[in-house]
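The chain contents come next:
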Amino acid sequence: MIDCHYFDKNIIMKKIFLAVFGFFLLTLSNPVIAQEKAHNFKVAKNLETFSAIYKYLDMMYVDTLNADEVIGTGINAMLQSLDPYTVYYPEDKMKELNMMISGKYAGIGALIRYNMALDNVVIDEPYENMPAAEVGLKKGDIILSINDSTMLKKPTTYVSNHLRGDVGTSFLLKIKRPSTGKTMKFKLTRKSIQMPAVPYYGLQGNGIGYLNLNSFTTDCAKDVRRAFLEMKKQGMTSLVFDLRNNGGGSLQEAIDIVNMFVPKGLTLVKTKGKLERANREYKTTVEPIDTLMPIVVLVNGETASASEITSGSLQDLDRAVVLGSRTYGKGLVQAPMDLPYNGNLKLTTSKYYIPSGRCIQAINYKHSKGGYVEHVPDSLTKEFTTANGRIVRDGGGIKPDLEVLPDSLPNIAFYLVSSGIDSTEVMLNWELEYIKKHPTIVAAKGFVISDADYEDFKAAVLKSGFKYDRQSEKAMKNLMEIAKFEGYYDDAKPEFESLERKLKHNLAKDLEYNKQTIRQLLTADIVAAYYYQRGAIENSLQFDKQWKEAVKLLQNNEEYRKLLQPKKPTEKAAK
């Protein structure tokens, strides 16, 4: 008698064997499936290994572990091997992410800085119409305490965290005012602080408007639109749109701003990623407010992300002349991903491509060798064309149509303005003394400290014992040491000694030689103390090399139009 149960079991086992064997053959014959299976195995293996390591650490490590700190360090190390824009935000850091996205936070509205000479945090610049300015806090006020907590010798981050809090909450701030020597108390109520996306705009003469956009935060396109229409109503016939030092923000705000100047229905940005849902097209959706007015967009090396989408789209569509220096080159898009326990992952999901089809990402992030980076060399970039047929390139940010490099900051000026490098804080102290002596100053637009004021500043620097790193002297000493090591010094000793005497620095001479730049820096700080950020920007235009070149271009319509047309073969050859 045949055992039917045994017979059925054998048939089932054969079928299972054939199915597994068939899948195995399919896997061998399909390298994609094999590769995916190998990848999944590596992922599972490493996750299991990580979990096992932490279990041993938690159970047997000599000290008790802080799980958030140890695992958080592991997560951050993993993300740092990818790119600098993929960032983990645990629940206690979500306020930072929300502030980054919205541009809002709850506090008093003031820049603070650490004063090395005082070994304490001070108010550097109150923001206009914000709690700090409204109660009368001034530049240089020394922060002594917040409620009953002392702020003496506390780091900037510590003081900042205590100044911020929930909207509507109040606290007592105790400060010492250097100009009077008095200790003062203020009651401040925190409010939602949003830095103005457009800190300054205005008609500058000859029908040329100026508009400064410093971030692409929520609703900034409405601010740009409002400012543009107001200046146009006042008689604006051309615009300088300043995106220098604008690190970007909302992609949609960038689309909305470009849409003001180009027709409806154009594709401005395409995003492409690994997943289908990361692939999107962004088109202009409304009728523009002006498609003809000449526009010059100012950019520099800190112009990034949404700023590059804006300037690059206007360039690709031949709607504006881009002027300044090459932009940062961020062609990556991030999306927030919700995580368990109220955390979030800001994740790089795609690259973006502007109207010509180019991606302007300037850096390749390599994962195989410890997360090193490399700039895309010019030789590997590809050509694309604008709407008019002009040649533009990918892989290196936005190259200006008209390159105008800003003046570099002299070494002595860098040391004067850099907090913490020189313990005397001579520049800040002189500015506070100036403000004490001058309750008011003239309008921001034309203010500049006088020659007599600068002589007074020089005397203060010389008296303070200010020191800074003299690069030419350092280079000279290094050259002499190398020459001695290689045996050439004795033969060239007279020449070395002569050059050494000529390169010996004289502080008074250096202050006079760099007078123009240092005076501009002093002027900017002082104007900000009276007229806030808007005043400082308006004042800076009188010294601004790139702004002046933009004005010159807008006053030459023929040259402006020429820059928006393809170069002729003879012009290419000459270049």
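Small disclaimer: the values here were computed from a predicted structure and weren't measured.

## A few points about the packing of aromatic side chains
Tallying each qualifying case throughout the model produces eight aromatic pairs. For the ring pair Tyr200 and Tyr210, a centre distance of 6.0 Å and an interplane angle of 35° mean the geometry is tilted. A residue pair is termed long-range when its members are at least 10 positions apart, and Tyr200 in strand E10 (residues 200-203) and Tyr210 in strand E11 (residues 208-212) qualify at ten residues. Among the residues examined, Tyr200 registers a relative accessible area of 10% and is labelled buried. By relative accessible area, which is 1% here, Tyr210 ends up buried. Between the aromatic rings of Tyr434 and Phe447, the centroid separation amounts to 6.5 Å while the plane-to-plane angle is 65°, which identifies the pairing as edge-to-face. Highlighted residues: Tyr434 in helix H11 (residues 426-437) and Phe447 in the loop between H11 and helix H12 (451-464), separated in sequence by 13 residues. Summarising the burial analysis for this pair, Tyr434 and Phe447 share the class buried. Taken together through their ring pairs, the aromatic side chains of Trp430, Tyr434, Phe447, Tyr454 and Phe457 make up a single cluster. Across the ring face of Tyr489, the terminal group of Lys484 is positioned such that the distance to the ring centre comes to 4.8 Å.

## What about helix H17 (residues 545-554)?
Taken as a whole, H17 has its buried residues at Gln546, Trp547, Ala550, Val551, Leu553 and Leu554. Projection of H17 onto a plane perpendicular to its axis shows the buried side chains occupying an angular sector of 160°, all on one side. Where H17 is buried, its residues contact E11, strand E12 (238-242), strand E15 (295-299), strand E16 (321-324), strand E23 (402-403) and helix H18 (557-563). Among the residues of H17, the N-terminal cap falls to Asp544, whose side-chain oxygen and the backbone nitrogen of Gln546 are separated by 3.1 Å.

Cut-offs used in this document
- Residues numbered from 1 in each chain as written.
- Predicted model: local features only at pLDDT ≥ 70, side-chain atom pairs only at ≥ 80, totals over all residues.
- Heavy atoms only, no water.
- Phe/Tyr/Trp six-rings, centres within 6.5 Å; stacked < 30°, edge-to-face > 60°.
- Helix = DSSP H or I, 4+ residues; strand = E, 2+ residues; numbered from the N terminus.
- Buried < 20%, exposed > 50% of the residue type's maximum accessible area, 1.4 Å probe, protein only.
- Lys NZ or Arg CZ within 6 Å of the ring centre and 35° of its normal.
- Arc of directions from axis to C-beta.
- Contact = heavy atoms within 4.5 Å.
- Polar contact = N/O pair within 3.5 Å; in protein donor to acceptor, adjacent residues only side chain to side chain.

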